[in-house]
Amino acid sequence: QVQLVESGGGLVQAGGSLRLSCAASGRTFSSYYMGWLRQAPGKEREFVAGTTRSGGGTYYGDSVKGRFTISRDNAKNTVYLQMNSLKPEDTAVYYCAASIIATMKSREYSSWGQGTQVTVSS
């Protein structure tokens, strides 16, 4: 298991940008596929973005394609989510998560951070 801690959330106006970071502990970070998922009040958890173990491959949920970019730095044990052109519907708690496979399914992520709140005002 890997321990994950997110940071970088906050309040931003529609059209603005935020960059989330997720710091991982342990020496096995590079062996995990990493993802960002989010959950808005009253809604199910939604896949946002994922990256392969090397960072050479990325995949996105349809609602964020072209606006969000996931990246990772294995030397720093950190994964990032750059969020541009934010919309009020992006408001949610954003979670960093680790999986042993490339997946968009929430239940297939085995390690989770505590989450960071992102609020986009209109």
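Structure: see above.
Residues numbered from 1 in each chain as written. Predicted model: local features only at pLDDT ≥ 70, side-chain atom pairs only at ≥ 80, totals over all residues. Heavy atoms only, no water.

An account of the sheet that holds strand S3 (residues 18–25) is requested, with residue identities and associated values reported.
Taken together, the four strands give an open sheet; going across it, the order is S1-S3-S8-S7, and neighbouring strands pair in antiparallel fashion. Two strands bound the open sheet, and with one partner strand each, they are strand S1 (3–7) and strand S7 (68–73). Ignoring strand direction, the axes of neighbouring strands in this sheet form an average angle of 15 degrees. Where S7 meets strand S8 (residues 78–83), six bridges bridge the pair, whose relative direction is antiparallel. Counted as the bridge partner of Phe68 is Met83 from S8. (Pairing = 2+ DSSP bridges. Helix = DSSP H or I, 4+ residues; strand = E, 2+ residues; numbered from the N terminus. Axes fitted to C-alpha atoms, helices over the stretch in contact; angles between N-to-C directions.)

Could you give me a rundown of the pairing of S8, with the residues and numbers involved?
Burial analysis of S8 places five of its six residues in the buried class, which makes it a mostly covered element. Here six bridges tie S3 to S8, and the two strands are oriented antiparallel to one another. When the sheet's bridge partners are listed, Ser21 is paired in S8 with Tyr80. Between S7 and S8, which pair antiparallel and follow one another directly, the connecting turn spans four residues, one of which, Asn77, has a positive phi of 55 degrees. (Buried < 20%, exposed > 50% of the residue type's maximum accessible area, 1.4 Å probe, protein only.)

Just give me the short version of the nonpolar core, but keep the residues and values in it.
Grouped together as the largest cluster of nonpolar side chains are 28 residues, with contacts concentrated most on Trp36, Leu81, Met83 and Tyr94. Going through the elements one at a time, S3, strand S4 (33–39), strand S5 (46–51), S7, S8, strand S9 (92–99) and strand S11 (116–121) are the ones with two or more residues in this core. Apart from the residues within four sequence positions on either side, Tyr94 is in contact with Glu6, Leu20, Trp36, Leu37, Arg38, Val48, Phe68, Leu81, Met83, Gly115, Thr116 and Val118. Counting six residues, the second-largest nonpolar core is a separate cluster that includes Tyr33, Leu37, Phe47 and Ala97. (Core = buried A, V, L, I, M, F, W, Y, C linked by side-chain atoms within 4.5 Å. Contact = heavy atoms within 4.5 Å.)

I'd like a rundown of the environment of Arg72, residues and numbers included.
Within the secondary structure, Arg72 sits in strand S7. Along the chain, Arg72 and Ala40 lie 32 residues apart, while their C-alpha atoms are 25 Å from each other. Once residues lying within four places of it in the same chain are set aside, the contact partners of Arg72 are Phe29, Ser30, Tyr32, Tyr33, Met34, Thr51, Thr52, Arg53, Ser54, Gly55, Thr78 and Val79. There is a polar contact of 2.8 Å between the side chain of Arg72 and the backbone oxygen of Tyr32. There is a polar contact of 3.5 Å between the side chain of Arg72 and the backbone oxygen of Arg53. (Polar contact = N/O pair within 3.5 Å; in protein donor to acceptor, adjacent residues only side chain to side chain.)

Tell me about the pattern of salt bridges, and please be specific about residues and values.
Applying the stated criterion across every chain yields a total of four salt bridges. As a salt-bridge pair, Glu46 and Arg38 come within 2.8 Å of each other at their nearest N and O atoms. Of the residues examined, Arg38 reaches a relative accessible area of 6% and is grouped as buried. Across the pair Asp90 and Arg38 runs a salt bridge whose closest N-O atoms are separated by 2.9 Å. Taken as a pair, Asp90 in the loop between S8 and S9 and Arg38 in strand S4 lie far apart in primary sequence, 52 residues in all. Among the ionic contacts, a cluster of salt bridges with common partners joins Arg38, Glu46, Arg67 and Asp90. (Salt bridge = Lys/Arg side-chain N within 4 Å of Asp/Glu carboxyl O.)

Remember that the coordinates give geometry; whether it matters functionally is a separate question.
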